Amino acid sequence: MAAPGWLTPRRRSATARSVLAGEASAEAARKTALTGPEEAETDEADAELLEAAEPVGGPAEPVFPVAGDDLAAAFFDLDNTVMQGAAIFHFGRGLYKREFFRRRELARFAWQQAWFRLAGVEDPEHMQDARDSALSIVKGHKVSELMTIGEEIYDEYMAERIWPGTRALAQAHLDAGQKVWLVTAAPVETATIIARRLGLTGALGTVAESVDGVYTGRLVGEPLHGPAKAEAVRALAAAEGLELERCAAYSDSHNDIPMLSLVGHPYAINPDTKLRKHARINDWRLRDYRTGRKAVKVGVPAAAGVGAIAGGAAAAIALHRRRK
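Conventions used here
Residues numbered from 1 in each chain as written. Predicted model: local features only at pLDDT ≥ 70, side-chain atom pairs only at ≥ 80, totals over all residues. Heavy atoms only, no water. Helix = DSSP H or I, 4+ residues; strand = E, 2+ residues; numbered from the N terminus. Contact = heavy atoms within 4.5 Å. Areas by Shrake-Rupley, 256 points an atom, 1.4 Å probe, with all protein chains shown as cover. Polar contact = N/O pair within 3.5 Å; in protein donor to acceptor, adjacent residues only side chain to side chain. Core = buried A, V, L, I, M, F, W, Y, C linked by side-chain atoms within 4.5 Å. Buried < 20%, exposed > 50% of the residue type's maximum accessible area, 1.4 Å probe, protein only. Salt bridge = Lys/Arg side-chain N within 4 Å of Asp/Glu carboxyl O. Arc of directions from axis to C-beta. Pairing = 2+ DSSP bridges. Axes fitted to C-alpha atoms, helices over the stretch in contact; angles between N-to-C directions. Lys, Arg positive; Asp, Glu negative; His and termini not counted. Right-handed = clockwise from strand over helix to strand, strands pointing away.

### Remarks on the overall build of the protein chain
- Helix and strand counts for the protein chain come out as 12 helices and eight strands.
- For the protein chain, restricting intrachain contacts to residue pairs at least 6 apart in sequence, the fraction spanning at least 24 positions comes to 70%.
- Split by element, the accessible area of the protein chain, about 15200 Å² in all, is 53% carbon and sulfur.

### Quick notes on the environment of D79
- You can see D79 is positioned in the loop between β1 (73-77) and α3 (87-97).
- Reaching out from D79, the side chain makes a polar contact with the backbone nitrogen of A87 at a distance of 2.9 Å.

### A few points about the nonpolar core
- Grouped together as the largest cluster of nonpolar side chains are 42 residues, with contacts concentrated most on F76, L95, M158, L182, I194, L200 and Y250.
- Among the elements that take part in this core, helix α6 (residues 143-158) stands out by supplying seven residues, more than any other.
- Among the nonpolar cores identified, the runner-up in size contains 29 residues, and A26, W181, M259 and W284 belong to it.

### Remarks on the environment of H278
- Tracing the backbone shows H278 in helix α11 (residues 273-281).
- For H278, a relative accessible area of 24% puts it in the partly exposed group.
- Between the alpha carbons of H278 and H254 there is a distance of 8.0 Å; along the sequence they are 24 residues apart.
- If sequence neighbours within four positions are ignored, H278 has contacts with I257 and W284.

### Structural notes on the pattern of salt bridges
- Taken as a whole and assessed by the stated rule, the structure comprises 17 salt bridges.
- Where D77 meets K229, a salt bridge forms, and the shortest distance between an N and an O atom there is 2.7 Å. Within this pair, whereas D77 is found in strand β1, its partner K229 is found in helix α9 (residues 227-240), the two being separated by 152 residues in sequence. We note that D77, like K229, is buried.
- When salt bridges that share partners are traced, they join K97, R98, E152 and E156 into one network.

### Observations regarding α11
- Those residues of α11 that fall on the buried side of the exposure criterion are L275, R276 and A279. Down the axis of α11, the sector holding all buried residues measures 100 degrees, keeping them to one side. In α11, the exposed residues that point more than 90 degrees away from the buried face are T273, K274, K277 and I281.
- Packed against the buried residues of α11 are β6 (248-251), α10 (257-262), β7 (265-269) and β8 (285-287).
- Two or three places before K274, at the start of α11, stands the capping residue D272, its side-chain oxygen 3.2 Å from that residue's backbone nitrogen.

### Some remarks on the sheet that holds strand β3 (residues 202-206)
- Taken in spatial order, the six strands of this open sheet run β3-β2-β1-β6-β7-β8, and their pairing is parallel. The open sheet has two free edges, formed respectively by β3 and β8, since each of these has just one partner strand. Strand-to-strand, the axes of this sheet are offset by a mean angle of 20 degrees, without reference to chain direction.
- Bridge count between β7 and β8: three bridges; the pairing is parallel. Along β8, the bridge assignment pairs A268 with L286.
- Across the sheet, helix α1 (residues 16-32) is in contact with β2 (179-187) and β3; its angle to β3 comes to roughly 150 degrees.

### A short note on the side chain of D272
- The residue D272 is located in the loop between β7 and α11 in this model.
- Nearest to the buried, unbridged D272 among oppositely charged side chains is K274, at 7.7 Å.
- A distance of 3.2 Å separates a polar atom in the side chain of D272 from the backbone nitrogen of K274.

### Things to note about the pairing of β2
- Of all nine residues in β2, seven are buried, a share of seventy percent or more.
- Bridge analysis of β2 against β3 gives four bridges, and the strand direction is parallel. Within β3, the residue paired with W181 across the bridge is G202.
- Traced from β2 through helix α8 (residues 188-197) to β3, the parallel crossover comes out right-handed.

This is the structure in structure tokens:
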């Protein structure tokens, strides 16, 4: 039997709101989880990427995950770890196509996505801004309506952006008989759709408040970001009877160091500069599935940044004109 969550030592302080957000996310995840691991197709290309990924230095790794270890699970960050770009931005693009909001908001989403792709890292202020925008857009809409639309948006904008190498890693855990969870600041409904489409167990995500199946425009706690992700993993592990020392976690962002530090098998996937440095200092495993890593590092000349933002805005305007 797993120890209660409050007995598990915290490596980094968490606020009451992040604990609330984590517990709410864990509860929502368990309600929507698959009853057992499902197999997702892993083709030869995925297997090759898994072998060719960039493990950093040292002797050959022992066989992992351990088959039949039902006290272990795997937790995968979503944005830029499992999927290229940020789910919330792709979701916003899909909502615009369905006339949930106007051109001004689309330009804002385009700017945020351009910044995210240029920097290759998550900035809490940018992500918070995007989530505030999304909450105002969905306020008053039914949860069931957004779930149906989310399925369509996944096919339109997200399916082709899944990293095959990371998906192969997730499949390795499923093949070993372990549960695999997405952990993301994206809305839990969106994250759950992505998890199901990939054949994963379920998802931990930001929980938006709803009353009688209708969104109020408020969050339960705070966005599932940074320490809140760690609290969600801690709460889910306690509820599922998992031993965190036997679990694995995967992320690209230094913002997820609290989550990665919880488990016995942390992996840096497509890591940003700060996470790469931290991983090397702490002897964490690294894998990189990107091509042309230099293009996504922070420190790109300012002119390139302006060009990316202008390009995103231009694309938004062009899309708007085509829809007239």
